[in-house]
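Given next are the chains, with one letter for each unit.
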Amino acid sequence: MSDKKKYWVGQALPRFEDSALLTGNARFIDDLSPVPGLKHVSFLRSPYPHANIKRINTETALKLEGTVAVVTGSDIATVTDPLVSAIRAPIKYFPIAVERARYVGEPVAVVIAEDRYIAEDAAELVEVEYEPLPAIVDPLEALRKDSPVLHEEVGHNLLHDRQFHYGQPDAAFSEAARIVRLNWRYPKQSATPIETFGAITHFERNPDRYTIWSNFQGPYILHPIMARSLRISGNLLRLVSAPFSGGSFGLKQAIFPYLVLLAAASRIVEAPLKWTEDRLEHLMASSSSADRADSIQAAFDNEGKLTALSYDNCVNVGAYVRAPEPASVYRMHAASNGCYSVKNISIRNKLVATNKVPIGLNRGYGGPQFYFGLERVMDLAARRLNIDPVEIRRKNFIPEEAFPYKAPAGAVYDAGNYSEALDLLLDIAGYEKLKSRRRDAKNAGKLFGIGLGMGVEPSGSNMAYVTLAQTPEERERSGGRSGGTAVANVVIDPTGTVTVNLDSTPSGQGHGTVAAQVVADILGLTPNQITVNTGLDTGLGAWSLASGNYSNRFASIVLDALTRSADRISGKLRKIAANIMEVAFEDVELVDGMARIAGVPESGIPIGRVAATAHWDPASLPSDLEPGLHDTAFFNPDVLGAPDVEDRVASALTFGYIFDLAAVEIEPDTGRVKVECYASVHDVGRILNPTIVEGQIRGGFAHGFGAAMFEELSYDKEGNFLSGTFADYLCPTAADMPFINFAHFRTDTPQNSLGSKGMGDGSSMLTPVVMANAVSDALEVDEIELPLTLDKLWHIANHRERL
């Protein structure tokens, strides 16, 4: 027996989850049949972007053998109320078209049959008489007075408009030596998880209640919204997550309207229903990031010091504001200074309705769009002021001694050393050599460019930041909103088996493995002795409004709840062991599966025996201990308070950061971009499992690279959807991905017990702007739009206008 304790946190432990995945034993939502008598659903969807529904004839469909029912919008509206959001515009958002369809793919009828095949056939037999209406897809055009209006109750397409001022931006701009302006667009995109939406809904009576199995990922603040829509109390809506989820990257938040729709349909037909989305449905009608038409202004002095920023954000929310929107434009709001120490900031946020699918969570959630504007304008400023893009950023960094740093809009940056992390990036990229290579290439007439991007990564969200969409007076009337509570539970049963229950509903990130490592260290066990349940059942387990898989909350908040629970179990085990061994509690440690006297390895007794005492012999326990070993911890960081009257809010618990650099050469004959170098430095605080961290870095880079080079959910001017297959919506393959050279720079956060920061978004937020900056540098143009397709770059390189 070793006298030295072995620590599991920080080791590159292979993921425990992979065994089930690789052997075909992982159970996803489509594998489940939790109740007998399941009927299957196919949705009839609108082929029009905007149309009144004059008549729905279901007679022929119902005659098809095996068809159970056809449920329409008017049926659903009789048993549900509209879904609400933080926006006060008078929009009635039902999860199915009621009288009017507002985007291609919006459900018009729920067709229910004995199997999916019959349901699909029956859907084709439903006859719908539409009255097509003019459609609008561009957010700027939607703001025009003569534009088609989506919601007559509102009277126009501007659903939200708020302005914010921090510091003295007007004065700073008036005194600026140089003002750099940029108008820019960002495309509508999807993170395309390999598994699409899926749900099983079951309505039961006495009392009227719903149980829903799905791959919903949270946030569970949507649970009361669903219950409200279904006209029931929260305890009568039970949400059960599938044991495994095949990716999400935010998108599976948007299944919640379908859960309401299917639950209501289950009530109407009095049968349990099952639906699995196909890929066309997913691309067309699930969710996406927002396409944006924004502008930014940056004020500088003659030395390149950034003195003020002004954002004018125009967010295309699609046909409806779907909760938790408008969070995508407010997630980065409190950190609107980025990595920079600028004090004067003005922001205007406009939300515009168009005839596109509603937006929602997507990897990076507002980050790619935010950094596209900020980091493009920093590169442009460097060019116009004749300052190296590296040095203009370094000159404006928040200095190391300023941490913890209070940002102008309220974010509290926990820890960092940006200048040294930048030095590391330049070193691994070979920046000086790349500059020499660029000079030689341009002298030879070649198109070679270097692009940079620097950004912070908010993790562990404050649920209150979305309430910035409301005025302070509106927030006061609505009652207080704050926090980001995590829940974790540790149990040791009578056989000595340790079980952990988390509220993080992962979709492939390896939460179970890391949680086992953390608990193993605290309880003196090995990770393979820990069973981790990552599914969530609101009817049986503890949860909070903040529960779920989003905003990188696992490493920053959830694990702190877990360490608190495991620490309390550890304390109880040590007290029991001290009682058995008749020694002081302080002298007992848990090491190598044994409770032993510190410094005396041979004195130990098995932890399993200690645990068994709590169950089998409670009469022998010390008088201050209760029987059993079961602990649930709730953790809410104190820093995550409510917004103040000046609209400042601490929007997240930790702020890791990512610094990226790309060097590219463009072939003028084809428009092809060859990535000569891509380097990335990440500060995720303490690295809990290097293998899992590497996977997240590579995955985030792949998402960001796809967004930069290939991906766009396209519509024509009439609102027809053009990207319904992977032949039309191009994602990068392994062969398309360039090599990424990455390194870690570590500054542990003081905000949690492990020192870890979230890092699930990573380069997905920065790669789009880094590639755009590199291409802009190579082509020597100021205006560049994503995606950076061959056709687009060929026309620019050859000075030809695109048709």
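See above for the structure.
Everything quoted here is computed from the prediction, not taken from an experiment.

### What to know about the pairing of strand β2 (residues 51-57)
Moving residue by residue along a regular strand, the side chains alternate between the two faces of the sheet. Taken together, the 2 bridges between β2 and strand β4 (residues 100-101) define a ladder with antiparallel strand orientation. The partner of Asn52 across the bridge, within β4, is Arg100. Of the pairings in the sheet, the one linking β2 to strand β6 (residues 127-132) comprises 6 bridges and is antiparallel in character. Directly across from Asn52, in β6, lies its bridge partner Glu131.

### A look at the sheet that holds strand β11 (residues 237-241)
The 7 strands are arranged β3-β5-β1-β12-β9-β10-β11 in an open sheet whose pairing can be described as mixed. Either end of the sheet is taken by a strand with one partner, and the two such strands are β3 (67-72) and β11. The sheet shows a mean angle of 25 degrees between the axes of neighbouring strands, taken without regard to direction. Across 4 bridges, strand β9 (residues 198-204) lies against strand β12 (residues 273-276) in antiparallel orientation.

### Describing the packing of aromatic side chains
In total, this model carries 29 aromatic pairs according to the counting rule given. Between Phe203 and Tyr210, the ring centres sit 5.1 Å apart and the planes meet at 50 degrees, which makes this aromatic pair tilted. As far as burial versus exposure is concerned, Phe203 and Tyr210 are alike and both buried. For the ring pair Phe701 and Phe705, a centre distance of 5.9 Å and an interplane angle of 50 degrees mean the geometry is tilted. Highlighted residues: Phe701 and Phe705, both in helix α19 (residues 690-709), separated by 4 residues, approximately one helical turn.

### Remarks on the nonpolar core
Ranked by size, the top nonpolar core spans 187 residues in total, and within it Tyr413, Tyr418, Phe659, Leu661 and Met771 carry the most contacts. Residue contacts for Leu661: discarding those within four places in its chain leaves Leu425, Leu426, Ala429, Tyr431, Leu434, Ile450, Gly451, Leu452, Cys677, Tyr678, Ala679 and Val770. If you look at the next biggest cluster of nonpolar residues, it comprises 52 residues, including Trp8, Val498, Val518 and Ile605.

Cut-offs applied
Residues numbered from 1 in each chain as written. Predicted model: local features only at pLDDT ≥ 70, side-chain atom pairs only at ≥ 80, totals over all residues. Heavy atoms only, no water. Pairing = 2+ DSSP bridges. Helix = DSSP H or I, 4+ residues; strand = E, 2+ residues; numbered from the N terminus. Axes fitted to C-alpha atoms, helices over the stretch in contact; angles between N-to-C directions. Phe/Tyr/Trp six-rings, centres within 6.5 Å; stacked < 30°, edge-to-face > 60°. Buried < 20%, exposed > 50% of the residue type's maximum accessible area, 1.4 Å probe, protein only. Core = buried A, V, L, I, M, F, W, Y, C linked by side-chain atoms within 4.5 Å. Contact = heavy atoms within 4.5 Å.

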